[in-house]
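So the chains spell out like this:
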Amino acid sequence: MFTSHSLRRGWQRCLAGVAALALAGSMAASPAQAATSPAPASDNVLRIATDGFIDSFNPFTSFYLVPTNTFRYMYENLVANDAKDGSITEGLATEWNTDSEGKVWTYTIRPDMKWSDGEPLTSKDVAWTYNQMMEKEEMAVANGSLVENFDKVETPDDGTVKITLKKPQANNPGQEIPVVPEHVWSKIDKPGEFKNDEKSVGSGPFQLESYEANKSITLKANPNFWRGKPKLDEIQYRYYTNSDAQVQAIRSGEVDFITGLSPDQFTALENADNVELNDGNGRRFNGISINPGVADAKGKEFGTGHEALKDKKVRQAIRAGIDTETLRKQVMQDYAQPATSFIPAVYPDWALKSDNSVISGFDVDRAKKLLDDAGWKEGSGGIREKDGEKLQLRFLTDADAPIEQSTAKFIKPWMKDIGIDLKNESSDVDTVSERTTKGDYDMYFSGWSINPDPDYQLSINTCGQRPDADGNGGTSQDGWCNKEFDKLYKAQHVELDKAKRQDLVQKALAIHYEEAPSVTLWYPNQLEAYRSDRFDNFTKQPSDGGAIANQVGYWGYSSVEPASEEEATGGGMGAGGWIGIAAAVIVVLGGGGWLLSRRKKSDDRE
């Protein structure tokens, strides 16, 4: 599930379970005890429920979903992605251009900007950030691939940044690299180990004020933000380890915003008082990664993947044996878009076209023929055999993820129909993470969030991005390697003609589809809810039918303002509210000496 060593850094797992649930039940029956719940927030504090994993708030090393989302509020990039459609727009730079060869990019920095601590922000900060990433391995962990093509970064004056590339580059090199203040970071002895988890100094609309592990994250508005101070004073992320408790908390008004709802939870909130729902087109994909015979970047194999999976005919048979449309409708209840490859449909310029000739879809007869052709013949009980060995595979899933468990229930009989004995090895997610890092799997449930430009996600599917068995090295999506894919990646990376680049990307995605190192199941809708009696004016990305949280940018919460008196209905709290508060007391504060567990899952990952 997770492939980089930093993803396996330790976190405490403690169990509160049975005792906590027992107390939750008793408190739900006694509303008076809700007086111990957290004091109501001020009108200008947006409270967001989360269960996301935090490794650190260091923008040079972390790539989990919650930290990277906070980085987008804490640090500006040279250029940003617009809320309307994700296109390139102004960030720290007001203008930019490239030479005719696409090798030298020149940016004009916005004048008179200040960091959140009042110090001036100039081109020197941009160059210092980029040069740190170019020169120090520890500073290139999260976004190193974004500066690999940088030859040098110069600052002719305080208002100009000039990036000279080694080779022409199609995508704007000023994207997705958080620019940090030199006057702060240059004084840190070991910046790669810096947690950066309180009183951050940045240029974005909000700055990290404090972080308490498994309890809360607090961001404060930046009065020096160049677009103007946000109308919110604070954003507070509050931890809930139980997603159903998050639903109760939004019902009761304990929190103001939740995202990542399951279809069942989303539907259950349809008639909740003062709760507005958002069914947004998401930028994630979910799929099943198939062990193609993992190896490190030098080709040294490791892990316990089944030998049969090295044959692409077997991987293709698995794809042909999975009815993704039934999964999309039954497991996701139609709250997901049909999928082709790993670039979501929300990016129509790049997503693999559904009419591409490589797409084969659900076809049981084809699956059986592929297995026949691979030498796996039907044996006793219908399970295929080869050289006296039965075709038995392992499917790793998170025991606490209902979507994964439901998917496994559908897939097991489908695999049996084509002659594969699939065993669902369901366990805690840290075990799944450890095993997938070591290549100790045959199949597992996976997912990634994708940015508007496909270059990064393509890059992590190249041979050189495969980590070793300890997770050191690059970050790979499927542990897969294909030389022809690598050539197409490099070609699209430097192709300045967009139409030609789109064609190269389509060919690369088609190879990945045809090789089947993974099966993309769906593009999940991002299901969200917010308290309409507390706040309004959330900004979606894309603006037409998009999501509020997990954007590529800082639009979602930057525009939020308190609801008008007419929208704020006030009133008393029903029994459901008291139940929600009682549950929230248990899961948010971790009181009574209980420590809360934290779990990494595929949805934690950027």
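Residues numbered from 1 in each chain as written. Predicted model: local features only at pLDDT ≥ 70, side-chain atom pairs only at ≥ 80, totals over all residues. Heavy atoms only, no water.

**Looking at the state of the cysteines**
Rules: We call a pair of cysteine sulfur atoms a disulfide whenever their separation is within 2.5 Å. Helix and strand labels come from DSSP, where a helix needs a run of H or I of at least four residues and a strand needs a run of E of at least two; each type is numbered from the N terminus. Remark: exposure states derive from per-residue accessible area (1.4 Å probe, protein chains only) relative to the maximum for the residue type, with buried under 20%, exposed over 50%, and partly exposed in between.
Here the structure, examined in full by the defined rule, presents one disulfide. Disulfide partner of Cys463: Cys481, at an S-S distance of 2.0 Å. Taking the sign of the S-S torsion, about 90 degrees here, the bridge from Cys463 to Cys481 comes out right-handed. With a gap of 18 residues between them, Cys463 in the loop between helix 12 (455-459) and helix 13 (483-494) and Cys481 in the loop between helix 12 and helix 13 connect regions that are remote in the sequence. A residue is classified by how much of its surface remains accessible, and Cys481, at 29% relative accessible area, is partly exposed.

**Describing the sheet that holds strand 7 (residues 160-165)**
Let me state the cut-off plainly: Being paired, for any two strands, means DSSP has found at least two bridges between them. Angles here are taken between N-to-C directions and fall from 0 to 180 degrees, while the axes themselves are lines fitted to C-alpha atoms, restricted in helices to the stretch in contact. We call two residues in contact when some of their heavy atoms are within 4.5 Å.
Spatially, the four strands line up as an open sheet ordered 4-5-7-6, and their pairing is antiparallel. Edge positions in the sheet fall to strand 4 (93-98) and strand 6 (150-157), since each has one partner strand and no second. Recorded for the sheet is a direction-independent mean angle of 20 degrees between the axes of neighbouring strands. In terms of strand pairing, strand 4 meets strand 5 (residues 104-109) through five bridges, oriented antiparallel. The residue bridging Trp96 from the neighbouring strand is Tyr107, located in strand 5. The strands touched by helix 3 (residues 123-135) within the sheet are strand 5, strand 6 and strand 7, with strand 6 carrying the most contacts at an inclination of about 160 degrees.

**Observations regarding the pattern of salt bridges**
Basically, it comes down to this: We define a salt bridge as a contact between a side-chain nitrogen of Lys or Arg and a carboxyl oxygen of Asp or Glu at a distance within 4 Å.
All told, the structure shown has 30 salt bridges when counted by the stated rule. The closest approach of N and O atoms between Glu514 and Lys312, which form a salt bridge, is 3.0 Å. Taken together, the positions of Glu514 in helix 14 (residues 498-515) and Lys312 in helix 7 (residues 312-320) put the pair 202 residues apart, joining distant regions of the chain. Using a relative accessible area of 29% as the deciding quantity, one classes Glu514 as partly exposed. A relative accessible area of 29% means that Lys312 is categorised as partly exposed. With its nearest N and O atoms 3.7 Å apart, the salt bridge here joins Glu325 to Lys329. On the criterion of helical spacing, the pair formed by Glu325 and Lys329 is a turn pair, its members being four residues apart in helix 8 (residues 324-330). Overall, Glu325 belongs to the partly exposed group, its relative accessible area being 32%. A single network of salt bridges, built from pairs that share partners, joins Arg394, Glu425, Arg435, Asp440 and Asp442.

**What to know about the sheet that holds strand 16 (residues 384-386)**
Overall, antiparallel pairing links the three strands, which are arranged 15-16-17 in an open sheet. Whereas interior strands pair on both sides, the edge strands pair on one side only; in this sheet they are strand 15 (377-378) and strand 17 (389-390). Note: strand 16 against strand 17, two bridges, orientation antiparallel. Paired with Glu385 across the two strands is Lys390, which belongs to strand 17.

**Points about the confidence of the model for the protein**
For the record, the criterion: What pLDDT reports is the predictor's confidence in each residue, on a scale of 0 through 100.
With 87% of its residues at a pLDDT of at least 70, the protein reaches an overall mean of 87. In the predicted structure, residues 1-37 sits below a pLDDT of 50 and forms 84 contacts with residues beyond four places in sequence or in another chain. Residue range residues 571-600 is modelled with pLDDT below 50. Its contacts to residues more than four positions away, or to other chains, number 81 contacts.

**Points about the environment of Asp421**
If you trace the backbone, Asp421 turns up in strand 19 (residues 421-427). Here the alpha-carbon distance between Asp421 and Lys390, two residues 31 residues apart in the chain, equals 8.1 Å. Filtering out sequence-adjacent residues up to four positions away, Asp421 remains in contact with Ile383, Leu391, Gln392, Leu393 and Lys412.

**Some thoughts on the pairing of strand 13 (residues 284-290)**
Of all seven residues making up strand 13, seven are buried, and the element is well covered by its neighbours. Of the two faces of strand 13, the one lined by Arg284, Asn286, Ile288 and Ile290 and the one lined by Phe285, Gly287 and Ser289 are each fully buried. Summarising the sheet, strand 13 and strand 20 (residues 443-449) pair through seven bridges and their orientation is antiparallel. Residue Ile288 lies in a different strand from strand 20, and its bridge partner there is Phe445. Relative to strand 21 (residues 518-524), strand 13 runs antiparallel, the two being bridged by four bridges. Directly across from Ser289, in strand 21, lies its bridge partner Ser518.

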